[in-house]
Amino acid sequence: MSKPRILVVGSLVMDQIGIMPTLPAEGETIFGTSFQKAPGGKGANQAAQMALLGAEVVMCGKVGLDSNGDEMLRALQERSVDVQHVLRDRTAASGCSMIILEEDEQGSRKNRIIVFPGSNFSLQKEELTFLEDTIASYDLVVLQLEIPQEVNEYVAHLAHAQGVPVLLNPAPSAPLSFAFLRDLTYIAPNEHEAAALSGLPVTTSVDSIRRCADFFLAQGVPNVIITLGSAGAALAAREGIQLTPCAAHVRSVDPTAAGDSFIGAFAVGVCCGWDMPQTLLFANHTAGLTVSSMGAMPSLPNLAQVEAFLRRECVPVPDLSDLR
């Protein structure tokens, strides 16, 4: 087999990351402990993770004609992502975010994120019509919800019509049409997004996960992956539910890109044809490495690092031959 070939249509966002011991109250000013800037955005992070793991990845999106756009394109190219289809907007600024990391006395951190979409929301489906002739060449199409919904629906419909599997990470949570859901092969929300979309509470119990997953299965999505933070991840299909624990022996330094890292690794495993237990373990351990470092894209591990981590944790290593 050749290397997996994956198309990511999504966002590119420059993250502004501040660390502080507690959040300020209304009208209060506090001192943070550190600040840094790093390239990110759900689409870009997921594309970078796939490429770092050895997949051939093409990114479609839009950045502004500004220094943030230059930096994000350079970061993706350094990670071997094909950015020839990332457009430049002469009027809108590149997307950016404010990430607040609240650090407790033990050094564990919780994040809060505000995204300013900028040029991401100026992407139009008319700018992606070239995909009508090329989308069949991909093994998988990956989407998120940080670009206009009509663009996502257009790309998903193109892929589905030509037999290409589609994975949607529905983040941030937003209403999804039945037509859109019907074009998906995989939907991968976290527990909060799954609850918001289904209207059902989601806990780590099998019954709770099953009830939520049944909502998506009834809409025509055959595979539902729900990430559960420190509780790991669950895959639900009509045949049943598989629960996979998260990586052990990991200290959370910055959880910002954990979900994107999981999605990227899961996509690679699916394209390599691994079974679902292998794929979920690989994705969980890739995400575990990600939370142990600062920043979004800068924290994403490469294939050698993930393989070493799996061996160190005595976790079975899947067949990586298609990724080398």
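Rules behind the numbers
- Position numbers for residues count from 1 along each chain, tracking the sequence in the order it is written.
- Local features in this predicted model are restricted to residues of pLDDT 70 or higher, and side-chain atom pairs are both shown and tallied only at a pLDDT of 80 or more, whereas totals for entire chains, interfaces and linings draw on every residue.
- Remark: hydrogens and water are excluded; side-chain values derive from all non-hydrogen atoms of the structure.
- By the criteria applied, helices consist of DSSP H or I runs no shorter than four residues and strands consist of E runs no shorter than two, each listed in order from the N terminus.
- Put simply, the radius of gyration uses C-alpha atoms, and a globule should come to 2.2 Å times the residue count raised to 0.38.
- Summary of the burial criterion: residues with accessible area below 20% of their type's maximum are buried, those above 50% are exposed, and those between are partly exposed, where the area comes from a 1.4 Å probe applied to protein chains only.
- Contact between two residues is taken to exist if any of their heavy atoms lie within 4.5 Å; hydrogens are not considered.
- Accessible areas in this description were obtained via Shrake-Rupley with a 1.4 Å probe; residue shielding takes into account the shown protein chains only.
- Charged residues are defined here as Lys and Arg on the positive side and Asp and Glu on the negative side; His and the ends of the chain fall outside this count.
- Charge placement uses NZ in Lys and CZ in Arg. For Asp and Glu, CG and CD serve respectively.
- Any two strands between which DSSP finds at least two bridges are classified as paired.
- Simply put, an axis is a line fit to the C-alpha atoms, just over the touching stretch for a helix, and the angle between two N-to-C directions goes from 0 to 180 degrees.
- Read the arc as the range of directions from the helix axis to the C-beta atoms.
- What qualifies as a polar contact is a pair of N or O atoms within 3.5 Å, subject to a donor-acceptor requirement within protein and to the restriction that residues adjacent in sequence count only when both atoms come from side chains.
- We call a crossing left-handed when the near helix sits turned anticlockwise from the far one by less than a right angle, and right-handed when that turn is clockwise.
- For this classification, the nonpolar set comprises Ala, Val, Leu, Ile, Met, Phe, Trp, Tyr, Cys and Pro, the charged set comprises Asp, Glu, Lys and Arg, and every other residue, Gly included, is treated as polar.
- In summary, the pairing rule links any two rings of Phe, Tyr or Trp, Trp by its six-membered ring, whose centres are within 6.5 Å, and it sorts them by plane angle into stacked for under 30 degrees, edge-to-face for over 60 and tilted for everything else.
- The residues that make up patches have over 30% relative accessible area and no salt bridge, and they are joined within 9 Å when like-charged or within 5 Å when they are Val, Leu, Ile, Met, Phe, Trp or Tyr.
- In the sections that follow, a salt bridge refers to a side-chain nitrogen of Lys or Arg positioned within 4 Å of a carboxyl oxygen of Asp or Glu.
- By convention a nonpolar core is built from buried Ala, Val, Leu, Ile, Met, Phe, Trp, Tyr and Cys residues, the set being connected through side-chain atoms within 4.5 Å.

Side note on the overall build of the protein
Alright, step 1. When its secondary structure is counted, the protein shows 10 helices and 13 strands.
Alright, step 2. The C-alpha atoms of the protein give 19 Å as radius of gyration, which agrees with the globular expectation for 324 residues (20 Å, within 12%).
Alright, step 3. Overall size of the protein, expressed as C-alpha extent along the three principal axes, is 55 × 50 × 40 Å.
Alright, step 4. Here the protein, with 324 residues, has 53% of them falling under the buried criterion.
Alright, step 5. A fraction of 69% describes how many contacts in the protein between residues 6 or more apart in sequence connect residues 24 or more apart.
Alright, step 6. Here the protein displays about 13700 Å² of accessible surface, and carbon together with sulfur accounts for 52% of that area.
Alright, step 7. Positive and negative side-chain charges of the protein, numbering 21 and 35 respectively, have mean locations separated by a distance of 2 Å.

Remarks on the sheet that holds strand β6 (residues 95–103)
Alright, step 1. Taken in spatial order, the 4 strands of this open sheet run β3-β2-β6-β7, and their pairing is mixed. Strands with a single pairing partner mark the edges of an open sheet, and in this sheet they are β3 (34–40) and β7 (109–116). Going across the sheet, the axis of each strand differs from the next one's by a mean of 20 degrees, ignoring polarity.
Alright, step 2. Where strand β2 (residues 13–20) and β6 come together, 8 bridges link them in parallel fashion. Residue Ile19 lies in a different strand from β6, and its bridge partner there is Leu101.
Alright, step 3. Of the strands in this sheet, β2, β3 and β6 touch helix α2 (residues 67–78), which is tilted by about 65 degrees from β3.

Digging into the pairing of strand β5 (residues 82–89)
Side-chain positions along a regular strand alternate between the two faces of the sheet.
Alright, step 1. In this sheet, β5 lies alongside strand β4 (residues 56–64) in parallel orientation, the contact comprising 6 bridges. Opposite Gly61, over in β5, you have Val86 as the bridge partner.

Quick look at helix α10 (residues 303–312)
Alright, step 1. When α10 is considered as a whole, its buried residues turn out to be Leu303, Val306, Glu307, Phe309 and Leu310. Looking straight down α10, one finds its buried side chains confined to an arc of 160 degrees; they lie on one side. Pointing more than 90 degrees away from the buried face of α10 are the exposed residues Ala304, Arg311 and Arg312.
Alright, step 2. On its buried face, α10 sits against α1 (42–52) and α9 (276–291).
Alright, step 3. Capping the start of α10 is the job of one residue whose side-chain oxygen sits 3.2 Å from the backbone nitrogen of Ala304: Asn302.
Alright, step 4. Following α10 by one or two positions, Cys314 adopts a phi angle in the positive range, close to 60 degrees.

A closer look at the packing of helix α8 (residues 258–272) against α9
Alright, step 1. Two elements in contact, α8 and α9, have axes separated by 8 Å at closest approach and are oriented at 150 degrees. For the pair α8 and α9, the sense of crossing is right-handed. Contacts between α8 and α9 involve Ala258, Ser261, Phe262, Ala265, Phe266, Gly269 and Val270 on the former and, on the latter, Met276, Thr279, Leu280, Phe282, Ala283, Asn284, Thr286, Ala287, Thr290 and Val291.
Alright, step 2. Per-class residue counts for the contact of α8 with α9 are 11 nonpolar, 6 polar and no charged.

Quick word on the packing of aromatic side chains
Alright, step 1. Inspection of the entire model under this criterion finds 4 aromatic pairs.
Alright, step 2. Considering the side-chain rings of Phe262 and Phe266, the 6.2 Å spacing of their centres and the 15 degrees angle between planes classify their relative orientation as stacked. Taken together, the residues span about one helical turn, with Phe262 and Phe266 both in helix α8 at a distance of 4 residues.
Alright, step 3. Judged by its relative accessible area of 2%, Phe262 is buried.
Alright, step 4. On the accessibility criterion, Phe266 (1% relative accessible area) is buried.
Alright, step 5. Each ring, one from Trp274 and one from Phe282, has its centre 4.9 Å from the other, and the planes form 75 degrees; the classification is edge-to-face. For the pair formed by Trp274 and Phe282, the shared burial category is buried.
Alright, step 6. Taken together, the aromatic side chains of Tyr186, Phe262 and Phe266 make up a single cluster linked through ring pairs.

Regarding a nonpolar patch on the surface
Alright, step 1. A contiguous nonpolar surface patch, about 280 Å² in accessible area, is contributed by Met98, Ile114 and Phe116.
Alright, step 2. As for its position among the elements, Ile114 is in strand β7.
Alright, step 3. By relative accessible area, which is 47% here, Ile114 ends up partly exposed.

Here's the deal with the nonpolar core
General note: in soluble globular proteins, nonpolar side chains tend to be found buried as a group.
Alright, step 1. Counting residues in hydrophobic clusters, the biggest one holds 57 residues, and the most contacted among them are Ile6, Met50, Leu76, Val142, Phe262, Phe266 and Phe282.
Alright, step 2. No other element matches α8, which puts 9 residues into this core.
Alright, step 3. Excluding its chain neighbours within four sequence positions, the residues that come into contact with Phe266 are Leu167, Tyr186, Ile225, Met276, Thr279, Leu280 and Ala283.
Alright, step 4. The next biggest cluster of nonpolar side chains, apart from the first, holds 41 residues, and it includes Leu181, Ala194, Ala213 and Leu217.

These figures capture arrangement, not role.
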